[in-house]
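Commentary on secondary and tertiary structure
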Amino acid sequence: MKGGQTVGEALRVARARRLRGAILLLLAEIAPERVNAEVLRGALGREHLVVSARELAATLDYLRGRGYVDYEEVAARDYPALPRLVSVGITAAGMDLVEGTVEDAGVDLG
């Protein structure tokens, strides 16, 4: 383990890296289409990566900060009382990472 990390810390980092990679792989599969964040969360569950809404939001923030994904809130015009949906898509930089033209130690594409 790096720099005196505990086993728990190392596992947490490895899971975060794997989750980031899984999100990018799923988004690359449907590109250029975008997907609702809750649908993405369900797809991750089918990949055996069960995540909370809070964990997904934090991971999407990380990936957006690195320039790999973009997302926006979308309101339902016909049903303004419904909560806003989050539409997520992969960027060109995210596709480059998935395709292997660039590398990022913070993302595990498995």
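One can find the structure itself at the top, above this paragraph.
Please read these numbers as outputs of a predicted model, since none were measured by experiment.

1. Observations concerning the environment of Leu27
Among the secondary structure elements, Leu27 is positioned in helix α1 (residues 7-30). For Leu27, the contacting residues outside a window of four places in its chain are Val35, Val69, Val88, Gly89 and Ile90.

2. Remarks on the packing of aromatic side chains
Per the stated rule, a full pass over the model turns up zero aromatic pairs. The ring of Tyr62 carries Arg20 above its face, with NZ or CZ at 3.7 Å from the centroid. A cation over an aromatic ring shows up here: Arg64 above the ring of Tyr71, its NZ or CZ 3.9 Å from the ring centre.

3. Structural notes on the layout of surface pockets
Any empty space left between atoms is shown by rolling a water-sized probe over those atoms. By volume, the largest pocket is sized at about 220 Å³. Forming the boundary of the largest pocket are Asn36, Ala37, Glu38, Ala53, Leu56, Ala57, Leu60, Asp61, Tyr71, Arg84, Leu85 and Val86. Listing elements by their share of the lining of the largest pocket, those giving two or more residues are α2 (37-46), α3 (53-65) and β3 (85-90). Considering each element in turn, the lining of the largest pocket owes the most residues, five residues, to α3. Tallied by class, the residues present in the lining of the largest pocket amount to eight nonpolar, one polar and three charged.

The rules we used
- Residues numbered from 1 in each chain as written.
- Predicted model: local features only at pLDDT ≥ 70, side-chain atom pairs only at ≥ 80, totals over all residues.
- Heavy atoms only, no water.
- Helix = DSSP H or I, 4+ residues; strand = E, 2+ residues; numbered from the N terminus.
- Contact = heavy atoms within 4.5 Å.
- Phe/Tyr/Trp six-rings, centres within 6.5 Å; stacked < 30°, edge-to-face > 60°.
- Lys NZ or Arg CZ within 6 Å of the ring centre and 35° of its normal.
- 1 Å grid on protein atoms, 1.4 Å probe; cavity = no way out; pocket = protein on both sides within 12 Å on 5 of 7 lines; lining within 4 Å.
- Points joined across faces, edges and corners; volume = space filled by probe spheres on them.
- Nonpolar A, V, L, I, M, F, W, Y, C, P; charged D, E, K, R; others polar.

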